[in-house]
Amino acid sequence: MGEPKEAIHGGAEPAAKGISLQMWLLLAIPIALVLRWTDASPILVFLVSLVAIYPLAEIMAEATEALAVTLGPTVGGLLNASLNNAPEIIIAMFALKNGLGDVVKASITGSILVELLFGLGLAMMLGGLRHGTQRFNEEAIQINAGLLTLCSFGLVIPAVFHLSSPKAEEELSWEISAILLLIYAINLGATLLFKKKDEEPAGAVAQTVPEENGEAAPGWSQGKATAILVAATLVLAVMSEVVTDALEPTSKQLGLSDVFSGIILLAGAGGIGEIISATRFARSNKMDLAIEASVGSSIQMILLAVPLLVFAAPLLGTEMNLLFTPFEIVSIVLTTVVIRNIVTDGRSTWMEGLMLLAVYIMLGIGFYYLPADAGAGGLG
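Residues numbered from 1 in each chain as written. Predicted model: local features only at pLDDT ≥ 70, side-chain atom pairs only at ≥ 80, totals over all residues. Heavy atoms only, no water.

Keep this limit in mind: UniProt positions are given in the numbering used here, feature names are shortened, and annotations may be inferred rather than shown by experiment.
If you look the chain up in an unreviewed UniProt entry, it shows as Ca(2+)/H(+) antiporter from Methylomagnum ishizawai. Taken from UniProt, the Subcellular location (unreviewed entry) comment for the chain reads in full: "Endomembrane system". Regarding the chain, the relevant UniProt record gives this comment under Function (unreviewed entry): "Ca(+)/H(+) antiporter that extrudes calcium in exchange for external protons."

Written out as structure tokens, the structure is:
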């Protein structure tokens, strides 16, 4: 009886320290806003804003864990992915309003790479180092892998059928966006309809895993957890805008190209919520939630966010199509192939996570050396 008490006590003490650290890091939010209003160094504003995003993402992950106890890991992860994508959509809307359609498409590509390669890779590596081989719902990941392949097709087809008429390209983008949005609605309905049947065994696992690791989810009610999620999302959107405004001058001071800044830095800043959520869930041995927070978030980005941006562009006084550059297309296709090969067996190890991180670093090096004016829409 003595050992369990020590284990419980040993798990509770780090949790208390974690909460205290979150409270201190939340002070970075007003500091970042003050630095922005006083026209401080863009690099300083950028770094402090990134620090401010970390505790917000942690709070969102805690609230998602609390909701997952009653809603199940699939819906909990779906909710987490939706709210984590909200700042990226808001940032993209502001960019579209300023006529930065190419920057928006670059950030979409970067978000996919960050969430699938860096976020999931880091989660698998840290989770594997702590728990060894981790398992997750094989049937669910196969469905997600299929959806991910469909998503990549939706982004590749406009480039393959590159048309000379801008009007035809716009119509093709609208039609493909409508199909993607329809697939999202069907998948969402199917997920909510069959979640209870699929998650009866998972619910029991979700109850026992936190006790084994000494990391219980916060004792929040469903209403309180939902309110915290919404509030954290709103603040996260504000901080994401601060990060975006500071990105361009920061990149110029550091001598980085716009392509590298958009795909790596901006996407990394926007995807920090997914990264933190995925690693937190993996370290708690909840790989189903980790998969939903990374793979599910990327699928939502393409099936929901991309069509919304295409349809909203005319309302914002600009245009946006799905004509990505060849370099972006190759990166998306390679990422899809790697993810399918690694996760479809329903288990993960730290070595597989390390391989995903290696692919992300190699692509990042490629974009770093890519000339600013390289690449044109289409594969022709």
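### Quick notes on the environment of Leu117
As a reminder of what qualifies: Secondary structure elements are taken from DSSP: a helix is a run of H or I of four residues or more, a strand is a run of E of two residues or more, and numbering for both begins at the N terminus. Note on contacts: a residue pair is in contact if any heavy atoms of the two residues lie within 4.5 Å.
If you trace the backbone, Leu117 turns up in helix H5 (residues 101-131). Along the chain, Leu117 and Val338 lie 221 residues apart, while their C-alpha atoms are 8.9 Å from each other. With near-sequence residues (within four places) excluded, Leu117 lies in contact with Ile112, Leu122, Thr335, Leu356, Leu357, Val359, Tyr360 and Leu363.

### Re the nonpolar core
What counts here: To qualify as a nonpolar core, a set must consist of buried Ala, Val, Leu, Ile, Met, Phe, Trp, Tyr and Cys residues joined through side-chain atoms within 4.5 Å. Residue exposure (1.4 Å probe, protein chains only): buried if accessible area is under 20% of the type maximum, exposed if over 50%, otherwise partly exposed.
Counting residues in each nonpolar core, the largest one holds 72 residues, and the members touching the most others are Val104, Ile108, Leu120 and Val343. The element that contributes the greatest number of residues to this core is helix H12 (residues 287-312), accounting for 14 residues. Among residues more than four places away in sequence, those in contact with Ile108 are Met301, Val306, Leu309, Met320 and Phe324. The next biggest cluster of nonpolar side chains, apart from the first, holds 30 residues, and it includes Ile29, Ala66, Leu266 and Ala269.

### A word on the packing of helix H10 (residues 258-270) against helix H14 (residues 350-369)
This is how it is decided: Axes, fitted as lines to C-alpha atoms, cover a helix only where it is in contact. Angles between the N-to-C directions of the axes lie from 0 to 180 degrees. Note on terminology: angles under 35 degrees are roughly parallel, angles over 145 are roughly antiparallel, angles of 65 to 115 are roughly perpendicular, and the others are oblique.
Following both chains from N to C, one finds H10 and H14 inclined at 155°, their axes separated by 8 Å at the closest point. One element, H10, and the other, H14, form an angle in the roughly antiparallel class. Along its contact with H10, which presents Val259, Phe260, Ile263 and Ile264, the element H14 presents Tyr360, Gly364, Phe367 and Tyr368.

### A look at a nonpolar patch on the surface
Heads up, the rule is: Patch membership needs two things, relative accessible area over 30% and no salt bridge, and members are linked within 9 Å if like-charged or within 5 Å if nonpolar (Val, Leu, Ile, Met, Phe, Trp, Tyr). The Shrake-Rupley method, run with a 1.4 Å probe sphere, supplies the accessible areas, and residue values consider only the shown protein chains as cover. What makes a salt bridge here is a side-chain nitrogen of Lys or Arg within 4 Å of a carboxyl oxygen of Asp or Glu, nothing more.
A contiguous nonpolar patch, built from Leu129, Trp350, Met351, Leu354 and Met355 and spanning about 470 Å² of accessible area, is present on the exposed surface. For the nonpolar patch, the leading source of residues is H14, giving four residues. Position of Leu129 among the secondary structure elements: in helix H5. You can call Leu129 exposed: its relative accessible area is 55%.

### Structural notes on the packing of aromatic side chains
For any pair of aromatic rings, the description consists of the separation of the ring centres together with the inter-plane angle of the planes. Under the convention used in this document: The aromatic pairing rule takes the rings of Phe, Tyr and Trp, using the six-membered ring of Trp, and pairs them if the centres are within 6.5 Å, calling planes under 30 degrees apart stacked, those over 60 edge-to-face and the rest tilted.
Counted under the stated rule, the structure contains four aromatic pairs. Measuring from ring centre to ring centre gives 5.1 Å for Trp174 and Phe311, while their planes differ by 65°; the resulting arrangement is edge-to-face. Taken together, the positions of Trp174 in helix H7 (residues 166-198) and Phe311 in helix H12 put the pair 137 residues apart, joining distant regions of the chain. On the accessibility criterion, Trp174 (34% relative accessible area) is partly exposed. Centre to centre, the rings of Tyr368 and Tyr369 are 5.2 Å apart; their planes meet at 85°, and the pair counts as edge-to-face.

### Here's the deal with helix H2 (residues 28-37)
This is how the line gets drawn: Working definition: the arc comes from the directions between the helix axis and the C-beta atoms, pointing outward to the latter.
Those residues of H2 that fall on the buried side of the exposure criterion are Ala28, Ile29, Ala32, Leu33 and Leu35. Buried residues of H2, seen end-on, are gathered within an arc of 160° and therefore sit on one face of the element. Backbone geometry just downstream of H2 places Asp39 in the positive-phi region, at approximately 55°.

### As for the confidence of the model for the chain
Basically, it comes down to this: Per-residue confidence from the predictor is given as pLDDT, running between 0 and 100.
Put simply, the chain has an average pLDDT of 78, and 81% of its residues get 70 or more. Within the chain, H14 carries the highest mean pLDDT (92), whereas helix H8 (residues 200-213) carries the lowest (40). In the model, residues 201-216 has pLDDT below 50 throughout and makes 16 contacts with residues more than four positions away in sequence or in other chains.

### Examining the packing of H5 against helix H13 (residues 326-343)
Going by this rule: Working rule for handedness: look at the near helix, and if it is turned counterclockwise from the far one by less than a right angle, call the crossing left-handed; if clockwise, right-handed.
Packing of H5 against H13 brings their axes to within 10 Å, and their N-to-C directions diverge by 25°. On the basis of their axis angle, the class for H5 and H13 is roughly parallel. As H5 packs across H13, the resulting crossing turns out to be left-handed. Contacts from Lys105, Ala106, Thr109, Ile112, Leu113, Leu116, Leu117, Leu120 and Met124 of H5 reach H13 at Glu328, Ser331, Ile332, Thr335, Ile339, Ile342 and Val343.

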